[in-house]
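Per-entry structural report
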Amino acid sequence: MNHNVCAIIITYNPEIEKFKNVIKSISGNNQTIVIVDNASMSQNSISNIANTYNAVFISLPENEGIAYAQNVGITYALENEFHYVFLMDQDTIIPHEGIASLLKTHSELEQAGEKIGSIGYAYKNTHTQQLSPIWRCHKTRIKEEIINLNIKKIFEVDFTIASGSLIASTALRKIGLMDADLFIDSVDLEWGLRAQALGYKNFQSFEKIMEHSLGSRNKKLFHKYITIHPPIRNYYIIRNSIILLSMNHVNKTWKKYLIKRIFLFFFVFGFCVDEHYKRIYLMTRGIWDGLRGRQGRIDRDMKQRKPIN
């Protein structure tokens with residue numbers, strides 16, 4: 001077994017044919033593949049695909065959320081002494097020799113004296129074909145920047161999206177696992193800001209571009225594309241944004257941005273997209289649960305959140 005990189009793919013009711021392309025894109029990169037499935041209805045099909053690619057298949061008895069599933073895979077990697085973990089979603093296509101390229105960049109940054117949290121790939125949104133921006137704090141505001149690839153291809157960012165990100169095991173042992181209580185949404189943001197608070201830096205690489213699907217579809221609104229998720233995701237986005245406001249490692253600039261996002265998000269998804277009555281109900285519940293510090297899955301008895309310092 002190659003103990004250098006453990007590639008962890010999280011699945012939940014994936015489109016099987018698309019998922020075959022996902023695992024095909026990661027295979028042959030000289031790493032161990034671990035698939036953690038969140039109680040999909042098609043577990044047998046996913047297990048068969050895992051066997052085809054000699055991947056480790058871990059089946060969870062119920063949907064515990066993406067962060068919990070990531071932690072299951074990460075724990076497997078740490079217990080088996082892998083040097084790096086590489087996180088992937090079920091709808092991300094990794095570019096050829098993608099992991100090798102990130103490893104090279106990680107090594108170069110380390111040699112330059114950087115203390116690295118995560119390093120992730122830029123992506124092309126499969127719905128819009130647009131290249132991903134970078135997010136970072138500039139004094140008193142958060143900037144979403146469209147970068148110029150003619151200038152450079154490695155950028156420091158406040159966080160990287162989990163899918164397509166490489167994290168050293170040594171960093172994970174210092175920074176900690178993903179916050180499973182968030183269930184889904186803002187998990188990668190929280191971890192990235194936690195890493196920053198501990199003196200680590202996150203980077204986004206444009207050396208190679210991966211393909212990634214944001215949401216179920218996109219809609220152009222006010223001259224900008226917005227990502228549309230199923231209504232239940234609106235609940236988690238609102239609730240978790242409020243929960244992040246209580247965390248000491250989330251800086252004031254990000255807290256200010258999150259407050260603005262809550263109001264804007266409520267307006268846009270409450271009045272400008274489909275199923276708005278359902279979305280308004282779920283977002284209102286998200287506000288209420290967030291203010292009460294409720295966590296976990298919405299359809300489960302949720303416990304009071306303990307602050308993360």
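Residues numbered from 1 in each chain as written. Predicted model: local features only at pLDDT ≥ 70, side-chain atom pairs only at ≥ 80, totals over all residues. Heavy atoms only, no water.

1. So, helix α9 (residues 276-291)
Helix length check: α9 (16 residues) gives 22 Å between terminal C-alpha atoms against 22 Å at 1.5 Å per residue, within 8%. Residues Arg279, Leu282, Met283, Gly286, Asp289 and Gly290 constitute the buried set of α9. Looking straight down α9, one finds that the buried residues subtend no more than 125 degrees of arc, so they occupy a single side. Away from its buried face by more than 90 degrees, α9 exposes Tyr277, Tyr281, Trp288 and Leu291. Just past α9, the residue Gly293 takes up positive phi, approximately 70 degrees. (Helix = DSSP H or I, 4+ residues; strand = E, 2+ residues; numbered from the N terminus. Expected span 1.5 Å × (residues − 1). Buried < 20%, exposed > 50% of the residue type's maximum accessible area, 1.4 Å probe, protein only. Arc of directions from axis to C-beta.)

2. Considerations on the packing of aromatic side chains
In total, this model carries nine aromatic pairs according to the counting rule given. The interplanar angle of 85 degrees and the centroid separation of 5.7 Å between the aromatic rings of Phe155 and Phe206 together place this pair among those described as edge-to-face. Of this pair, Phe155 sits in strand β9 (residues 154-157) while Phe206 sits in strand β11 (residues 201-212), and the two are 51 residues apart along the sequence. Taken as a pair, Phe155 and Phe206 share a single burial class, namely buried. Taken together, a centroid distance of 5.3 Å and an interplanar angle of 80 degrees make the contact between Trp254 and Tyr257 edge-to-face. Taken together, the residues Trp254 and Tyr257, both in helix α8 (residues 252-271) and three residues apart, mark about one turn of the helix. Overall, Trp254 belongs to the buried group, its relative accessible area being 2%. (Phe/Tyr/Trp six-rings, centres within 6.5 Å; stacked < 30°, edge-to-face > 60°.)

3. Re unusual backbone geometry
If you check the backbone angles, Ala39 has positive phi at about 60 degrees while not being a glycine. Structurally, Ala39 can be placed in the loop between β2 (32-37) and α2 (43-52). Under the relative-accessibility criterion, Ala39 is labelled partly exposed at 24%. Of note in the backbone geometry, Phe183 takes a positive phi value of approximately 70 degrees without being a glycine. With respect to the secondary-structure elements, Phe183 resides in the loop between α5 (169-175) and α6 (187-197). Since its relative accessible area comes to 8%, Phe183 is described here as buried.

4. With respect to the side chain of Arg194
Relative to the helices and strands, Arg194 resides in helix α6. Within the structure, Arg194 has its side chain in polar contact with the backbone oxygen of Leu177 (distance 3.0 Å). With near-sequence residues (within four places) excluded, Arg194 lies in contact with Ile175, Gly176, Leu177, Met178, Asp179 and His249. (Polar contact = N/O pair within 3.5 Å; in protein donor to acceptor, adjacent residues only side chain to side chain. Contact = heavy atoms within 4.5 Å.)

5. Quick word on the pattern of salt bridges
Applying the stated criterion across every chain, the model contains 11 salt bridges. With its nearest N and O atoms 3.7 Å apart, the salt bridge here joins Lys18 to Glu15. Here the two residues Lys18 and Glu15 agree in accessibility, since each one is exposed. Salt-bridge contacts for Arg194 lead to Glu190; the nearest nitrogen and oxygen are separated by 2.7 Å. With Arg194 and Glu190 both in helix α6, this residue pair falls four residues apart, about one helical turn. This pair shows no difference in class: Arg194 is buried, exactly as Glu190 is. Look at the salt bridges and you will find they share partners, linking Arg285, Asp289 and Arg292 into a network. (Salt bridge = Lys/Arg side-chain N within 4 Å of Asp/Glu carboxyl O.)

Interpretation in functional terms is not warranted from these geometric data alone.
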